[in-house]
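These are the residues of each chain, in order.
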Amino acid sequence: MAEDGDKIICRCEEVTEREILEAIDEGCDSVTWVKRRTRAGMGLCQGRTCGRLVVRMVARQTGQDIAEILPDTRRPPVRPIPLDILEQHSEADG
Amino acid sequence: MTSLRADVVIIGAGTTGLSAAYELAKAGVDVMLVDRGFLAQEASGRNPGGIRQMGRDIDEVPVIVAAMRRWHTLEEELGCSIELDPDGYLWVALNEQELEVQKKLVERDAAYGIEEYILDRDELKKLAPAISDFPCGALYCPTDMMANPFLVTKGYYDAARRHGARFLFGTEVVDLRVEGGRVCGVVTSQGEIATGVVIDAAGPWSHEIASMAGVDVPIVPCPNQFILCEPMPPILPPFILISSIAVCRQPARPGHNQVFIGNTNAPGGIMGCSKATDYGELLRTTANILKIVPAFRGLNVIRTWVGILAFTPDDNFILGYVEQVEGLVLACGFSGHGFALTPMIGQLLRELIVDGETSLNMAPFHLDRFEKGPVEADRLRPKELHFAHQHVSADRLCPTD
């Protein structure tokens, strides 16, 4: 049973609740800055799992209205694409 | 309307502006930094964190040599980790001409104490078996490094604040007030800041800022595409792999073995400030990197993003007071290789503003080098021994013999 604070929030990068709260206390008051400071959201699922949790933690710690907190920027690809598919397409286009 | 005052106003919260804020605040200067976004919103928050001595223009070499010394003590100085990895750089030569350029660089850089080696094809194969037979050799600099740009940024920011620097985020600069040929204020979306010195460190937008004071700064913005792939067990040594067509890195840190790929771009290629992922560039860069490291085939791309580079006509940065308007200092145009200079840029700006003279020769970096006419074609061409990002399309890759 995990001790309080050792709960994993970002499973892909194994970032704990404690690390995220520390980052928020240090001034990372947005999802993007929590990500940059702790790597939460930088992993394989790109924040699909932990994003909402981080939003809630930021809101709770900073007193911001949860509705005001933006998620991190969504960037392509929508889902992972293997590099060789891209390579095949580049050959097709000449 | 708020009315504020500062001795120095810095425009831009990238590594340039932040290191200047720290150095100036530490020297007792009342400094205020303004950014329309937050910390490291642009290039400083989108780059791979490379710190290379290799492949620099001769005028920049003393700057990078001095910067290296400061990088090694920066963690202690700022009181935080910056994940400094002294893993080196490997620049693969795609043809004999490139190898010849690299050999000249080794010879030239030896005088500055930079430790670099030429690897022939066999030596390259031994160092990195995962690299294909495409390159005919490489330039290897084992003392080049990497750092985490987010931690560097935050480190400088926290240290600057500890020394009393003030910050205005989410604040757009709309005008520079100039009276009697001298800067006297910065007009922002949150009011005017009275000041006698303005540092324009606004990256690709430095041109816009300077034009508010009637100064023309020749910056050409170009987008740089980045691709992040899922982790895989490391197959390359942890160096940054560069070539004239792509950049690639696989960190050795456990849990950080994601593969990172970037394209190369420069004026003459795609220009402008669009941050849209360019699929043509993605395809081209993928094809290019797989020619060099075929084992990455099958890896999944999980994210792409874009950072905007700020090029000048000779790919060297611009630093110094401008002649036309007293009190306006430029610190911009780092042409895609500024991160590595960060600790020295802040120091040089502090020396310039506080001491009135710099510890290194900044004459090659004056804005007026572009205005002195007649301009010799020579001075404006990217210098021969300069690893400027070369825009090379995949069909220009010639098989090596």
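Note that this is a predicted model, so its numbers are computed, not measured.

1. Topic: the domain arrangement of chain B
Residue and element names in this part refer to chain B.
Part 1 of the reasoning: Structurally, chain B comprises domain 1 (2-48 + 150-218 + 314-370) and domain 2 (89-142 + 220-311 + 385-396).
Part 2 of the reasoning: Between domain 1 and domain 2, the C-alpha centre-to-centre distance is 30 Å.
Part 3 of the reasoning: Across the boundary between the two partners, domain 1 contributes 14 residues, which contact 18 residues of domain 2.

2. Re the sheet that holds strand S5 (residues 89-93) of chain B
Part 1 of the reasoning: If you walk across this open sheet you meet the nine strands as S3(A)-S18(B)-S14(B)-S17(B)-S16(B)-S15(B)-S5(B)-S7(B)-S6(B), and the pairing is mixed. Strands at the two margins of the open sheet, each flanked by one partner only, are strand S3 (81-82) of chain A together with strand S6 (117-120) of chain B.
Part 2 of the reasoning: Pairing geometry for strand S16 (residues 246-249) of chain B and strand S17 (residues 258-263) of chain B, over four bridges, is antiparallel. Following the sheet pairing, Ala246 of chain B is matched in S17 of chain B by Asn263 of chain B.
Part 3 of the reasoning: Packed on one face of the sheet, helix H7 (residues 279-292) of chain B meets S5, strand S14 (220-231), S16, S17 and strand S18 (300-311) of chain B and runs near 55 degrees to S14 of chain B.

3. Quick notes on the packing of helix H1 (residues 17-25) of chain A against helix H2 (residues 31-38) of chain A
Residue and element names in this part refer to chain A.
Part 1 of the reasoning: For the pair H1 and H2, interaxial distance at closest approach is 10 Å and the crossing angle is 115 degrees. Considering only the axes of H1 and H2, their crossing is right-handed. When H1 is examined against H2, the residues Glu19, Ile20, Ala23 and Ile24 are found in contact with a partner set consisting of Val34, Arg37 and Thr38.

4. Overview of helix H3 (residues 51-62) of chain A
All names here are of chain A.
Part 1 of the reasoning: Over its twelve residues, H3 runs 16 Å from end to end, which matches the ideal 16 Å to within 8%, given 1.5 Å per residue.
Part 2 of the reasoning: Residues Val54, Val55, Met57 and Val58 constitute the buried set of H3. Looking straight down H3, one finds its buried side chains confined to an arc of 165 degrees; they lie on one side. Of the exposed residues in H3, those oriented more than 90 degrees away from the buried face are Arg56 and Arg60.
Part 3 of the reasoning: Here the buried face of H3 lies against strand S1 (8-10), H1 and H2.
Part 4 of the reasoning: Positive phi appears at Gly63, one or two residues downstream of H3, with a value of about 75 degrees.

5. A closer look at the sheet that holds strand S13 (residues 197-200) of chain B
Residues and elements named next belong to chain B.
Part 1 of the reasoning: Strand order in the open sheet made by the six strands is S9-S3-S2-S13-S20-S19, with mixed pairing throughout. Sheet topology places strand S9 (166-168) and strand S19 (318-321) at the edges, where each strand pairs with a single neighbour. Each strand of the sheet is rotated relative to its neighbour by a mean of 20 degrees, with strand direction disregarded.
Part 2 of the reasoning: Relative to strand S20 (residues 328-332), S19 is paired through four bridges, and the arrangement is antiparallel. Directly across from Gly320, in S20, lies its bridge partner Leu330.
Part 3 of the reasoning: Packed on one face of the sheet, helix H1 (residues 15-26) meets strand S2 (8-11), strand S3 (31-34), S13 and S20 and runs near 165 degrees to S3.
Part 4 of the reasoning: On top of the sheet, helix H8 (residues 342-355) reaches S2, S13, S19 and S20; it is set at about 165 degrees to S20, its chief contact.

6. Some words on the packing of H1 of chain B against H8 of chain B
Residue and element names in this part refer to chain B.
Part 1 of the reasoning: Running from N to C, H1 and H8 point in directions that differ by 50 degrees, and their axes come no closer than 8 Å. Considering their axes alone, H1 and H8 lie oblique with respect to each other. As H1 runs across H8, the sense of the crossing is right-handed. Residue-level inspection shows Thr15, Thr16, Ser19, Ala20, Tyr22, Glu23 and Leu24 of H1 in contact with H8, the latter providing Thr342, Pro343, Ile345, Gly346, Gln347, Leu349, Arg350 and Ile353.
Part 2 of the reasoning: Of the residues contributing to the contact of H1 with H8, the split by class is seven nonpolar, six polar and two charged.

7. What about the interface of chain A and chain B?
Part 1 of the reasoning: Listed as interface residues are 18 residues of chain A and, on the opposing side, 23 residues of chain B.
Part 2 of the reasoning: Those elements giving two or more residues to the side of chain A that touches chain B turn out to be H2, S3 and helix H4 (83-93) of chain A.
Part 3 of the reasoning: If you tally residues by element for the side of chain A that touches chain B, the top one is H4 of chain A, at seven residues.
Part 4 of the reasoning: Considered class by class, the residues forming the side of chain A that touches chain B number eight nonpolar, three polar and seven charged.
Part 5 of the reasoning: Sheet analysis places S3 of chain A next to S18 of chain B, joined by two bridges and oriented antiparallel. Looking at the pairing, Pro82 of chain A lines up with Asn300 of chain B of S18 of chain B.

Parameters at a glance
- Residues numbered from 1 in each chain as written.
- Chains lettered and ligands numbered in written order.
- Predicted model: local features only at pLDDT ≥ 70, side-chain atom pairs only at ≥ 80, totals over all residues.
- Domains from an automatic or database assignment.
- Contact = placed C-beta atoms within 7 Å.
- Pairing = 2+ DSSP bridges.
- Helix = DSSP H or I, 4+ residues; strand = E, 2+ residues; numbered from the N terminus.
- Axes fitted to C-alpha atoms, helices over the stretch in contact; angles between N-to-C directions.
- Left-handed = near helix turned anticlockwise from the far one by under 90°.
- Expected span 1.5 Å × (residues − 1).
- Buried ≥ 20, exposed ≤ 12 C-beta atoms within 10 Å, placed from the backbone.
- Arc of directions from axis to C-beta.
- Parallel < 35°, antiparallel > 145°, perpendicular 65-115°, else oblique.
- Nonpolar A, V, L, I, M, F, W, Y, C, P; charged D, E, K, R; others polar.

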